[in-house]
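Chain by chain, the residues run as shown.
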Amino acid sequence: MALIVQKFGGTSVADNQRIRNVANRVLKAHDQGNDVVVILSAMAGITDRLIGLANEATKTPDPRELDVLLATGEQTTAALLAMMLKDMGYKAQSLLGHQAEVVTDCEYGNARILEIGTDRIKRLLADRSIVVVAGFQGVDIKGNITTLGRGGSDTSAVAIAAALNADVCEIYTDVDGIYTADPNICPRARKIKEISYDEMLNMASLGAKVLQIRSVGFAKKYNIPVHVRSSFSEEEGTMVVQEDSVMEQLVVSGVTHNLDEARITLKKVPDQPGIAAKIFSPISEAGILVDMIIQNTRATGQTDLTFTVPKADYKRAMEIQRQVAEKIGAEDVFGDPSIAKVSVIGVGMKNHSGVASVMFNTLARENINIIMISTSEIRISCVIEEKYTELAVRVLHTAFGLDRED
Ligand code: ADP
Ligand code: ASP
Ligand code: MG
């Protein structure tokens, strides 16, 4: 007998029929004698719809009240599943974030889980109840409802699995595993059997939204095996595990794309000590996260500085930089929200050279201009024009030998 945490994403609970399908899946594990804790997302599209409603209600929705609103999406599905399970003659109970004691910090809309009290869940499991927890939500120390950021139900699931010391955390979604690239844009993408926590952390941070990055962080820290698989088939999915248990280690194991960033350039900035601080301090004070930064020094004692910010913060960042440019005497500020970041990732890169040149040559052959480049030990990222995203992902996928053999 095992303790299994099963998480079902939005498409898996999109309507009552699919929730019934979830009930059957959950019961299968339960009837085999396992203890089962289920974490649910909101129905597909509901979180977006609630955000839309809030934006219609007011120009600047209050963050606390927005979280109260968004949490209702997951409250709905948790209640529906629990009532179906009860109706089928099983013991079950739904728990909201605060009832499951998912304690977070106070950062509305992007809260971090601090601790999880497991007494109530354990008591229910001891009674052979199926526990259904509303994902994506928690409670801060003052008792306010918080949410964990988009895709946050993954993190609810893995954090609860860690707190309960579960044997496995199963993430049920609309694809049957983690692929070498997003299968929705790269038809030749291959399903990966096993992937290390570190590679998945990189893939998630570089655009593979199949798992929220924080969930992978939890899985790594507490060594929780995560099984990503389809809600709609019985097929085995992908195991996310420790690096030393991954059998096959390729130089490049995946290609990702991220359309969530925008680029800002300050032209002809005086090349003096303290300038970078003047540019980036107001950005960080505004709570905007900068990703890539490039500085090019000109012979004339001036530099050009380019950096990327989340698209959602682009307008605010541009306004800030226009003021900064005036203060520091930069010649011009311009920006571009139509960019994409494509990345190749692989732990095998640590002891392999030549990956960068294959990447650059492959993009060059397709006449795709590289706007920015950044690298780490196990990945290389290039910023390109957004319109070339699919083409770039596909040709890189082929160039690194990742294409599925038919
Ligand atoms: P859920 O609602 O179940 O949480 P998500 O939409 O958050 O589902 O995540 C699943 C989606 O992630 C897939 O439909 C796919 O388009 C996308 N995705 C991006 N990169 C990958 C990848 N490398 N492997 C699998 N899916 C990926
Ligand atoms: N419902 C939330 C979202 O759409 C959380 C999740 O599905 O993981 O982002
Ligand atoms: Mg998701």
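Presented here is a report on the structure given in the accompanying data block. (Residues numbered from 1 in each chain as written. Chains lettered and ligands numbered in written order. Predicted model: local features only at pLDDT ≥ 70, side-chain atom pairs only at ≥ 80, totals over all residues. Heavy atoms only, no water.)

## Looking at the site of ligand 2
Quick note on the threshold: We call a residue near a molecule or strand when any one of its heavy atoms sits within 4 Å of it. Pairs of N or O atoms are called polar contacts if they sit within 3.5 Å, as long as, within protein, a hydrogen donor faces a hydrogen acceptor (for residues adjacent in sequence, only side-chain-to-side-chain pairs).
Lining the immediate surroundings of ligand 2 are S41, T47, E74, F136, R150, G151, G152 and S153. G152 is positioned such that a nitrogen or oxygen atom in its backbone is 3.4 Å from an oxygen atom of ligand 2. Between ligand 2 and S153 there is a distance of 3.0 Å, counted from an oxygen atom to a backbone nitrogen or oxygen.

## A few points about the pairing of strand β11 (residues 226–230)
How we decide: Accessibility here uses a 1.4 Å probe with only protein chains present; expressed as a share of the type maximum, an area under 20% marks a residue as buried, one over 50% as exposed, and anything in between as partly exposed. Starting at the N terminus, helices and strands are each numbered in turn, a helix being any DSSP run of H or I of at least four residues and a strand any DSSP run of E of at least two. Strands are treated as partners if at least two bridges between them are detected by DSSP.
Most of β11 is tucked away, with 5 of its 5 residues classed as buried. In β11, alternate side chains face the same way, and those of V226, V228 and S230 on one face and H227 and R229 on the other are all buried. Pairing analysis gives 5 bridges linking strand β9 (residues 168–173) to β11, with the strands arranged parallel. Its bridge partner being in β11, I171 is matched across the sheet by V228.

## Let's talk about unusual backbone geometry
Positive phi outside glycine occurs at N165, with the angle close to 55 degrees. When you line up the elements, N165 lands in the loop between α5 (153–164) and β9. The exposure class assigned to N165 is exposed, which follows from its relative accessible area of 62%. Here K268, not a glycine, exhibits a phi torsion of approximately 50 degrees, which is positive.

## Looking at the site of ligand 1
Note the following rule: Areas reported here follow the Shrake-Rupley algorithm with a probe of radius 1.4 Å; residue values treat only the protein chains shown as occluding. Under the scheme applied here, ten amino acids are nonpolar (Ala, Val, Leu, Ile, Met, Phe, Trp, Tyr, Cys and Pro), four are charged (Asp, Glu, Lys and Arg), and all others, including Gly, are polar.
Near ligand 1 you find 17 residues, and of these T173, D174, Y179, D182 and N184 are the closest. Within the side chain of K7, an N or O atom sits 3.1 Å from an oxygen atom of ligand 1. In the environment of ligand 1, an oxygen atom lies 3.2 Å from a nitrogen or oxygen atom belonging to the backbone of G10. Isolated, ligand 1 exposes 570 Å² of accessible area, and the fraction of that covered by the protein chains is 82%. Considered class by class, the residues forming the shell around ligand 1 number 8 nonpolar, 5 polar and 4 charged.

## Let's talk about helix α9 (residues 314–328)
Where we set the bar: Any helix carries an expected span of 1.5 Å times its number of residues minus one. An arc is given here, and it is the one of the directions from the helix axis to the C-beta atoms.
Relative to the 21 Å expected for 15 residues at 1.5 Å per residue, α9 spans 20 Å between its end C-alpha atoms, a close match to the ideal helical length. Those residues of α9 that fall on the buried side of the exposure criterion are Y314, A317, M318, I320, Q321, V324, A325 and I328. Summarising the axial view, the buried residues of α9 lie within an arc of 165 degrees, below the 170-degree limit, and thus occupy one face. In α9, those exposed residues whose orientation departs by more than 90 degrees from the buried face are K315, Q323, E326 and K327. One or two residues past the end of α9 sits G329, with phi positive at roughly 80 degrees.

## Remarks on the environment of G177
Inclusion rule: Any two residues whose heavy atoms approach within 4.5 Å at even a single point are treated as in contact.
One can find G177 in the loop between β9 and β10 (194–196). Sequence-wise, G177 and T238 are 61 residues apart; in three dimensions their C-alpha atoms are separated by 4.9 Å. Excluding anything up to four places from it in sequence, G177 contacts K191, V228, G237 and T238.

## A short note on the side chain of D67
Counted only if it meets this: Positive: Lys, Arg. Negative: Asp, Glu. His and the chain ends are not part of the count. Here, a salt bridge means any side-chain nitrogen of Lys or Arg that lies within 4 Å of a carboxyl oxygen of Asp or Glu.
Residue position: D67 is located in helix α3 (residues 63–87). One buried charge, D67, has no salt-bridge partner; the nearest side chain with opposite charge is R64, at 9.0 Å. Ignoring any residue separated from it by four or fewer positions in sequence, one finds D67 in contact with Y108, G109, I145, T146 and T147.

## Focus: the side chain of R263
With respect to the element layout, R263 can be found in strand β14 (residues 261–270). Filtering out sequence-adjacent residues up to four positions away, R263 remains in contact with T306, F307, T308, Y314, F334, G335, D336, I339, I371 and M372.

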